[in-house]
Amino acid sequence: MEDSLNFSIMKEHIFRYEQHKSTRKLTDMQRVVLKEAKKALKKSYSPYSGFQVAAAIELANGEIISGANYENAAYPLCLCAERVALAAAAAQFPNVKILRMAVTVKSKEHPQLKPAAPCGACRQVILETENKQRQPMEIILQAEKGDVLVIPEGRSLLPFGFDGDALAGR
Ligand code: THU
């Protein structure tokens, strides 16, 4: 008894993702969604940071919804591209599952060659969306060119994320 109470274990998380040197090995749909994200960079309203971020979402009904970051002179109110796109999808197609989301970045100051990962708040919203739809969404990241990361399950970006289980005492 004593022994089992004192038992400790070191655990680890495994984070699986694909790294591609270009878009060549992507599926047609992955490429299409990434291309839509790049087109959506022109929607960015980023006069303060000069950092454009855009996201495109493929829905299970074939629709593609995109959005970009939307800044505010009161800086904490800036909206991230990922959450703008997720909210737009939820507003237009509240009950349609999201298959994948591509995110891209571009800066007025420096060429962007490294994929930029969603911020912590966006990861929390991605986790909630996956829980709501009971299905993972794939996340595709690429900057202006170069490496493409494909993350099969958005929730893997937020190990130990807070979810409704805690509120329900589970
Ligand atoms: N931004 C996003 O749109 N998504 C992220 O995941 C990180 C940051 C935006 C917010 C702000 O407009 C600009 O990038 C600089 O932080």
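See the structure shown above.
Figured I'd write up the structure that's included with this text. (Residues numbered from 1 in each chain as written. Predicted model: local features only at pLDDT ≥ 70, side-chain atom pairs only at ≥ 80, totals over all residues. Heavy atoms only, no water.)

## Let's talk about the sheet that holds strand 5 (residues 138-142)
Then step 1. In space, the 6 strands of this open sheet follow the order 1-6-5-4-2-3, with mixed pairing throughout. Here the strands that pair on one side only, and so sit at the sheet edges, are strand 1 (18-20) and strand 3 (64-68). Strand-to-strand twist of the sheet, defined as the mean angle between neighbouring strand axes without regard to direction, takes the value 15 degrees.
Then step 2. Summarising the sheet, strand 1 and strand 6 (residues 148-151) pair through 3 bridges and their orientation is antiparallel. Bridging across to strand 6, Q19 finds its partner in L149. (Pairing = 2+ DSSP bridges. Helix = DSSP H or I, 4+ residues; strand = E, 2+ residues; numbered from the N terminus. Axes fitted to C-alpha atoms, helices over the stretch in contact; angles between N-to-C directions.)

## So, the site of the ligand
Then step 1. Around the ligand, the structure places S49, F51, V53, N69, E71, C80, A81, E82, P118 and C119.
Then step 2. In the model, an oxygen atom of the ligand is placed 2.5 Å from a nitrogen or oxygen of the E71 side chain.
Then step 3. Note that a nitrogen atom of the ligand is positioned 2.8 Å from one of the side-chain N or O atoms of E82.
Then step 4. In the complex, 77% of the free accessible area of the ligand, which totals 370 Å², lies under the protein chains.
Then step 5. Counting only elements with at least two residues in the shell around the ligand, the list comes to strand 2 (51-59) and helix 3 (81-92). (Near = heavy atom within 4 Å. Polar contact = N/O pair within 3.5 Å; in protein donor to acceptor, adjacent residues only side chain to side chain. Areas by Shrake-Rupley, 256 points an atom, 1.4 Å probe, with all protein chains shown as cover.)

None of this, on its own, says anything about what the molecule does.
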